[in-house]
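Breakdown of the fold
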Amino acid sequence: DYQPEEFLAFLPSEICVAVGRTIEIYNNQVAWCGNINNYHFKWTCEIGKAMKRKFSITGAVIGTYPLTLTVYNNNMTSIYTSTSTIKVVSNTIGTARTILPIGDSLTNGKLWLNELRTLSGNQYTLVGTRGTAPLQHEGRSGFSAGAYLSASTYDFESEGIHPFWDGTRFNWNYYKAHTGVNPNAIQIFLGTNGMALDPTLNANNIKQMVDYIRQDDATIPIFIVYTLYRGNQDGIANGGISTNVYKLEEDRKVFHLMQRVN
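What counts and what doesn't
Residues numbered from 1 in each chain as written. Predicted model: local features only at pLDDT ≥ 70, side-chain atom pairs only at ≥ 80, totals over all residues. Heavy atoms only, no water. Pairing = 2+ DSSP bridges. Helix = DSSP H or I, 4+ residues; strand = E, 2+ residues; numbered from the N terminus. Axes fitted to C-alpha atoms, helices over the stretch in contact; angles between N-to-C directions.

For the rest of this paragraph, the subject is the sheet that holds strand β3 (residues 22–26). With antiparallel pairing, the 3 strands of this open sheet are ordered in space as β3-β7-β6. At either end of the open sheet lies a strand with only one pairing partner, and these are β3 and β6 (49–50). The pairing of β3 with strand β7 (residues 54–58) spans 5 bridges and is antiparallel. Residue pairing in the sheet places I25 in a bridge with F55 of β7.

Here you go:
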């Protein structure tokens, strides 16, 4: 029997863009489907450019701008509509702040740490027990949120049990007291490890980390980063993930995780 192709899409409720910077939202970042060429994306906003594969916004005038995405099939029938808000913000950081990045290999000494500091005019200092000041972090290759919620040792670099573990659970006050790290904000960039078609456990573990932090600090800003889509099939096969996975399914895992985390 003929089964119509499934089309799923997810658009965050707010997208921030600094003045002078460009943010690009690719069609295949917000949609999951078998053949994206069968669909047509209409991006409607006072600012930005609707291009072949993406919507591109360069920040100019500070303010908020409604964004609507409408997707059509080849019969010009609308099959999906969603709205968001483009928020153009100042590119000047007036107050120096410290940020603690918690993550996996995508945080472990990656170049974006330095780029974030550079874009802030060196107003952002990255802190943690790993790395070298002013670009320190808590990034551990291969770690998942579940690993941070257990007495997991970081054998890859022979560090022993991670410093958030108090002997019983992930404990934010324990971490601060025993490391001397007391940041103004926290970034959690996890999810790549522990990926599954059912994202419940992975996302719930990320949320549990947030809940434990909130028990000790009700107001500290916590930024949750959506994890990345994998590369193409060649990238998957050569990237050390597994030879027994395929791109469409891996994209579905990331898509489900984004929705669940949101």
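Now that the structure is up, let's keep going.
With that settled, consider the sheet that holds strand β2 (residues 14–18). The 4 strands are arranged β2-β9-β8-β5 in an open sheet whose pairing can be described as mixed. At either end of the open sheet lies a strand with only one pairing partner, and these are β2 and β5 (40–45). Adjacent strand axes in the sheet meet at a mean angle of 25°, parallel and antiparallel pairs treated alike. Where β5 meets strand β8 (residues 63–72), 6 bridges bridge the pair, whose relative direction is antiparallel. In the strand pairing of β8, H40 is matched with Y72.

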